[in-house]
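Structure assessment
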There are 2 protein chains.
Amino acid sequence: MKDSKQILSDHKVSVTNPRILVIEALLENNNPLTVDELQIKLKNKVAKSTLYRVLNDLKKINILNEFTNPENAIVVELLLEDDSHHHHLFCSDCGEIIDIQMGDEFERTLSKEIKRLEKKFNFSIEDHRLELFGKCTDLCENCS
Amino acid sequence: MKDSKQILSDHKVSVTNPRILVIEALLENNNPLTVDELQIKLKNKVAKSTLYRVLNDLKKINILNEFTNPENAIVVELLLEDDSHHHHLFCSDCGEIIDIQMGDEFERTLSKEIKRLEKKFNFSIEDHRLELFGKCTDLCENCS
DNA sequence: AGAATAAATGAGAATTATTCTCATTTTTTA
DNA sequence: TAAAAAATGAGAATAATTCTCATTTATTCT
């Protein structure tokens, strides 16, 4: 597992206990967590106000991806690799969020479309996000 | 413009003034609005609690699409046509949200990928959402 | 390593967004 | 048109997030 202290010093921010704990909690999970889930995982070892502050700090140094689940609750995940472009699959039964990679053909087709849309709307498009919604049929330990 | 009273009675819910006003405010706009923008548009003609209730009512009868903007604020739009499948383009300068249609080739490629992912994760995938982020370069009246 | 400086933290207050309660009003039923 | 059902407004309650500030911790500079 990556070294949380290293991550912080690499990004030239001070290395503090709450930051280490938050990063480690996120590193332990393969998939994104809601703020509540993260708070529970940290078990009061980090004050609520500090948790929100730390999340904002991680956003500032661009190692945190933040989005919302279908219930509009904020969800976060660490983004450490440069090549970590991925998307998300949400289960409406258990709330699980799974990181997914799309195939090259998809990303190529999307790039073409994006060029078309940039012209059509006179936009410069810098990023995109794809979210898939469904139900995990029987493998998930949370779904009965 | 569509008739808001008709829309409500078609969906077998009672036709009330707040519902009519909310639907008309949403119909006037081509593009999605945040709850605040909607509230401002309605200028206290609908109580805040009623606005939220009406939005929930419209969700229940499946004519409201709800998602979040990059600041995680809730955004809503009416979904009246069956064939209205579309996606969204967000401007990070002015906050504008534009409805976009992707070409057939894109949706075909996406369908193929979805089939692959359904097998890989043993999921049944029912819906998807694509969000594009960028800046409108000079056409928007809000961007200087 | 230790003192001085700068930055971060914890606790809870403040703010904001959303939901809930309930007496009154409006709509629907028939 | 009367009775029954449903929706509304106003504000209280709740939940999520940010802010404040005195104290603690980390960094910097000898």
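Not measured: the values here are computed from a predicted model.

Once that is clear, we can look at the overall build of chain A. Helix and strand counts for chain A come out as five helices and six strands. Listing every helix and strand of chain A by position from the N terminus yields α-α-β-α-α-β-β-β-β-α-β. Taken along its principal axes, the extent of the C-alpha atoms in chain A is 50 × 45 × 25 Å. Counting the 144 residues in chain A, one finds 44% classified as buried. As displayed, chain A offers around 8,200 Å² of accessible surface, 46% of which is attributable to carbon and sulfur atoms. Side-chain charges in chain A split into 19 positive and 26 negative, and the spacing between the mean points of these groups amounts to 6 Å.

Moving on to the sheet that holds strand β1 (residues 33–34) of chain B. Residues and elements named next belong to chain B. The antiparallel open sheet is built from three strands, whose spatial order is β1-β3-β2. Lying at the two open borders of the sheet, with one neighbouring strand each, are β1 and β2 (64–68). Where β1 and strand β3 (residues 74–78) come together, two bridges link them in antiparallel fashion. Pairing of Thr34 across the sheet is with Val75, part of β3. On the sheet, helix α2 (residues 17–28) packs against β1, β2 and β3 and is oriented at approximately 90 degrees with respect to β3.

The next subject is the interface of chain A and chain B. Contact with chain A, which involves 41 residues of that partner, is made by 41 residues of chain B. Interface area, chain A with chain B, both sides summed: about 3,700 Å², of which 61% is carbon and sulfur. Considering only the side of chain A, the residues that lose the most area to chain B are Phe123, Arg129 and Phe133 of chain A, jointly responsible for 17% of the buried surface there. There are four salt bridges connecting chain A and chain B. Arg129 of chain B is the salt-bridge partner of Glu131 of chain A, the closest N and O atoms lying 3.3 Å from each other. Applying the counting criterion to the chain A and chain B interface returns 19 residue pairs in polar contact (both at pLDDT 80 or more). Broken down by secondary-structure element, the contributors of at least two residues to the side of chain A that touches chain B are β2 (64–68), β4 (87–91), β5 (97–100), α5 (104–121) and β6 (123–136) of chain A. A total of 14 residues in the side of chain A that touches chain B trace back to one element, the largest contributor, which is β6 of chain A.

Turning chain A through 180 degrees and shifting it by 0.0 Å along the axis lays it on chain B, with an RMSD of 0.1 Å. Here the symmetry operator amounts to a two-fold rotation axis. Nearest to the rotation axis, the C-alpha of Leu130 of chain A is located 2.3 Å from it, this being the minimum over chain A. Most of the interface of chain A is mirrored in chain B, where 100% of its interface residues again form contacts.

Cut-offs used in this document
- Numbering of residues starts from 1 in every chain and runs along the sequence as written.
- Think of it this way: whatever chain is written first is A, whatever ligand is written first is 1, and the rest follow in order.
- Local features are withheld for residues below a pLDDT of 70 in this predicted model, meaning they are given only at 70 or higher, and side-chain atom pairs are given and counted only at 80 or more; totals for whole chains, interfaces and linings count all residues.
- To get the side-chain values, all heavy atoms of the structure are used, and hydrogens and water are removed first.
- What counts as a helix is a DSSP run of H or I of at least four residues, what counts as a strand is a run of E of at least two, and both are numbered from the N terminus.
- Partly exposed residues are those whose accessible area sits between 20% and 50% of the maximum for their type, while under 20% is buried and over 50% is exposed, using a 1.4 Å probe and protein chains only.
- Here, Shrake-Rupley sampling with a 1.4 Å probe gives the accessible areas, and only protein chains in the shown set may cover a residue.
- Charged residues are defined narrowly, with Lys and Arg counted positive, Asp and Glu counted negative, and His plus the chain ends left uncounted.
- One atom stands in for each charge, and that atom is NZ of Lys, CZ of Arg, CG of Asp or CD of Glu.
- Each pair of strands is called paired provided DSSP finds at least two bridges between the two strands.
- Here a residue-residue contact requires only that any non-hydrogen atoms of the pair lie within 4.5 Å.
- Note on definitions: angles span 0 to 180 degrees between N-to-C directions of axes, and those axes are lines fitted to C-alpha atoms, for helices only across the stretch in contact.
- Reported buried area values correspond to the accessible surface (1.4 Å probe) lost by two parts on association, with both partners' losses combined.
- For salt bridges, the criterion is a side-chain nitrogen of Lys or Arg within 4 Å of an Asp or Glu carboxyl oxygen.
- Any N or O atom pair separated by 3.5 Å or less is treated as a polar contact, with the protein-specific requirement of one donor-capable and one acceptor-capable atom, and with residues adjacent in sequence counted only for side-chain atom pairs.
- Superposing the copies works by least squares over the C-alpha atoms of residues that have pLDDT at least 70 in both of them.

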